[in-house]
Amino acid sequence: MIFSILDEYLPSICQMENINVNSKSNNLVSVLKVHFKGELNLARIKFISLFVIALTKVRTVSFENLARAFDTKAEESSSLRRIQRFIASYALDSDLIAKLIFSLLPNKEKLTLSIDRTNWKFGKTDINIFMLGIVYQGVAFPLLFSMLKKRGNSNSQERINLIERYINLFGVETIDCIVADREFVGEKWLKYLNNNKLRYYIRIRNNFKVFVPRKNKTVKAFWLFNAFKVNEFVYYPNIVKVNGQLCYLSGSKLNKGEYLILVSFTQPEKADYYYKQRWQIEMTFRAMKSSGFDIEKTHLSDTKRIEKLVLLIMVAFVWAYKVGIHIHQNIKPIKVKKHGRKAKTIFKTGLDFITKCFLNDSYIPEFNIFEFLSCT
């Protein structure tokens with residue numbers, strides 16, 4: 001009887017242990033080989049696996065700390081030189097990482113794209129990342145980005161280039177709409193969106209001047225919403241011109257003289273719903289920075305090197321978030337505090353679990369963490 005029970009359960013026990021011991025990076029290598037399908041050689045895939053796993057262990061971009069966390073028998077100094085060579089010399093195709101992340105989305109149609117920037121300063125160097133993410137369950141999965149070699153906002157052509165990259169890779173038919181904050185306006189940009197019939201919801205400044213054809217006059221945008229109650233969201237029934245482009249306006253009066261005013265191509269009545277999803281890309285930036293991998297602590301200043309670092313962090317971030325979703329939905333729901341917010345973010349829940357799997361050799365996880373980077 002005892003032996004029959006052992007015979008029944010021993011294979012599954014061994015399978016669970018195989019997830020946890022010794023060949024941790026090999027498990028990730030196997031998954032990434034399927035994604036990259038000959039686009040990267042095995043040595044590069046092994047390095048990416050070691051780097052991503054190290055990121056989840058140490059949660060910092062310090063090369064020295066990452067080298068110490070490499071799951072290899074090589075000396076720490078050898079791992080450090082390996083990291084330095086990869087970041088300095090290897091050309092990592094950002095489209096490959098974008099395709100990997102896109103393949104992990106359960107739904108690939110009617111997607112909301114959120115665009116925004118994150119920036120910081122290292123010494124006298126401005127590091128300025130313009131990113132496109134796909135809104136997904138509380139965050140935006142980082143997909144494509146460009147390093148702006150300047151301070152401040154992107155220009156219209158840089159925005160168009162990023163959207164064109166997305167369309168070339170994944171098709172215009174996958175886009176439901178684009179959401180963006182106040183800095184993402186411009187005549188050439190809006191004209192591009194209108195001409196390509198790309199639905200968008202973009203915030204504009206309160207005092208932005210708009211032309212009202214019906215009244216044949218130019219007014220400040222907030223005047224069209226000044227008569228309504230605070231927090232009453234409405235859309236202006238007539239077409240207006242913003243930066244010379246025909247569009248709709250929606251908005252509401254906020255407290256302390258502020259307004260939320262959104263410009264859109266069609267369906268202005270849905271503007272409030274879609275624009276609320278814009279903030280999710282900011283949650284992604286927070287996770288990549290102080291709440292997760294501390295990318296701002298990098299001492300890199302060369303944009304090409306920073307780009308490779310960001311790409312590797314993107315993989316680690318998406319992995320942690322997908323694991324967190326699984327835990328929240330299927331293992332143990334995250335507690336909600338009295339103020340209505342989760343006690344811990346989904347990202348942090350997933351990252352903590354992955355870290356535990358790697359740092360505690362005796363821990364046997366309830367599920368295979370590597371399957372969440374698998375497209376099968």
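Described in the following lines is the structure provided in the data block. Note that this is a predicted model, so its numbers are computed, not measured. (Residues numbered from 1 in each chain as written. Predicted model: local features only at pLDDT ≥ 70, side-chain atom pairs only at ≥ 80, totals over all residues. Heavy atoms only, no water.)

Digging into the nonpolar core
Thinking step 1. Ranked by internal contacts, the top residues of the largest apolar core, which has 127 residues, are L143, Y166, W189, L249 and W319.
Thinking step 2. Element by element, the count of residues in this core is highest for helix α11 (residues 303-331), at 17 residues.
Thinking step 3. Dropping the residues within four chain positions of it, L249 is found in contact with I204, V210, L224, F225, Y235, Y236, V240, V242, I261, L262 and V263.
Thinking step 4. Counting residues in hydrophobic clusters, the runner-up holds eight residues, among them C177, V179, Y274 and Y275. (Core = buried A, V, L, I, M, F, W, Y, C linked by side-chain atoms within 4.5 Å. Buried < 20%, exposed > 50% of the residue type's maximum accessible area, 1.4 Å probe, protein only. Helix = DSSP H or I, 4+ residues; strand = E, 2+ residues; numbered from the N terminus. Contact = heavy atoms within 4.5 Å.)

Observations concerning the pattern of salt bridges
Thinking step 1. All told, the structure shown has 16 salt bridges when counted by the stated rule.
Thinking step 2. Linking R68 and E76 is a salt bridge whose minimum nitrogen-to-oxygen distance equals 3.3 Å.
Thinking step 3. Note that D116 and R278 form a salt bridge whose closest N and O atoms lie 3.2 Å from each other. With D116 in strand β1 (residues 111-122) and R278 in the loop between α9 (271-275) and α10 (280-288), the pair connects residues that are 162 residues apart, well separated along the chain. Per residue, the accessibility class of D116 equals that of R278, and both read buried.
Thinking step 4. Among the ionic contacts, a cluster of salt bridges with common partners joins R59, K344 and D352. (Salt bridge = Lys/Arg side-chain N within 4 Å of Asp/Glu carboxyl O.)

Some remarks on helix α12 (residues 346-359)
For the α-helix, the turn length of 3.6 residues means that residues three or four positions removed from each other point alike.
Thinking step 1. Between its terminal C-alpha atoms α12 stretches 20 Å, which fits the 20 Å expected from 14 residues at 1.5 Å a residue.
Thinking step 2. With ten of 14 residues buried, α12 is to be regarded as a mostly interior element.
Thinking step 3. Regarding α12, the residues found buried are I346, F347, T349, G350, L351, F353, I354, T355, C357 and F358. (Expected span 1.5 Å × (residues − 1).)

Overview of the packing of helix α3 (residues 42-58) against α12
What describes two packed helices is the angle between their axes and the distance between those same axes.
Thinking step 1. Running from amino to carboxyl end, α3 crosses α12 at an angle of 105°, the nearest separation of the two axes being 8 Å. Relative to α12, α3 is oriented roughly perpendicular. On α12, the residues touching I53, T56 and K57 of α3 are L351, I354, T355, F358 and L359.
Thinking step 2. Broken down by class, the residue content of the contact of α3 with α12 amounts to five nonpolar, two polar and one charged. (Axes fitted to C-alpha atoms, helices over the stretch in contact; angles between N-to-C directions. Parallel < 35°, antiparallel > 145°, perpendicular 65-115°, else oblique. Nonpolar A, V, L, I, M, F, W, Y, C, P; charged D, E, K, R; others polar.)

Here's the deal with the packing of aromatic side chains
Thinking step 1. Taken as a whole and judged by the stated rule, the model has 25 aromatic pairs.
Thinking step 2. In this structure an aromatic cluster arises from ring pairing among Y136, F141, F293, F317, Y321 and F347.
Thinking step 3. The residue whose ring lies beneath R199 is Y274, and the NZ or CZ to ring-centre distance is 4.8 Å. (Phe/Tyr/Trp six-rings, centres within 6.5 Å; stacked < 30°, edge-to-face > 60°. Lys NZ or Arg CZ within 6 Å of the ring centre and 35° of its normal.)

Some points on the side chain of T174
Thinking step 1. Among the secondary structure elements, T174 is positioned in the loop between α7 (156-170) and β4 (175-180).
Thinking step 2. Filtering out sequence-adjacent residues up to four positions away, T174 remains in contact with F102, K108, E109, K110, L111 and Y166.

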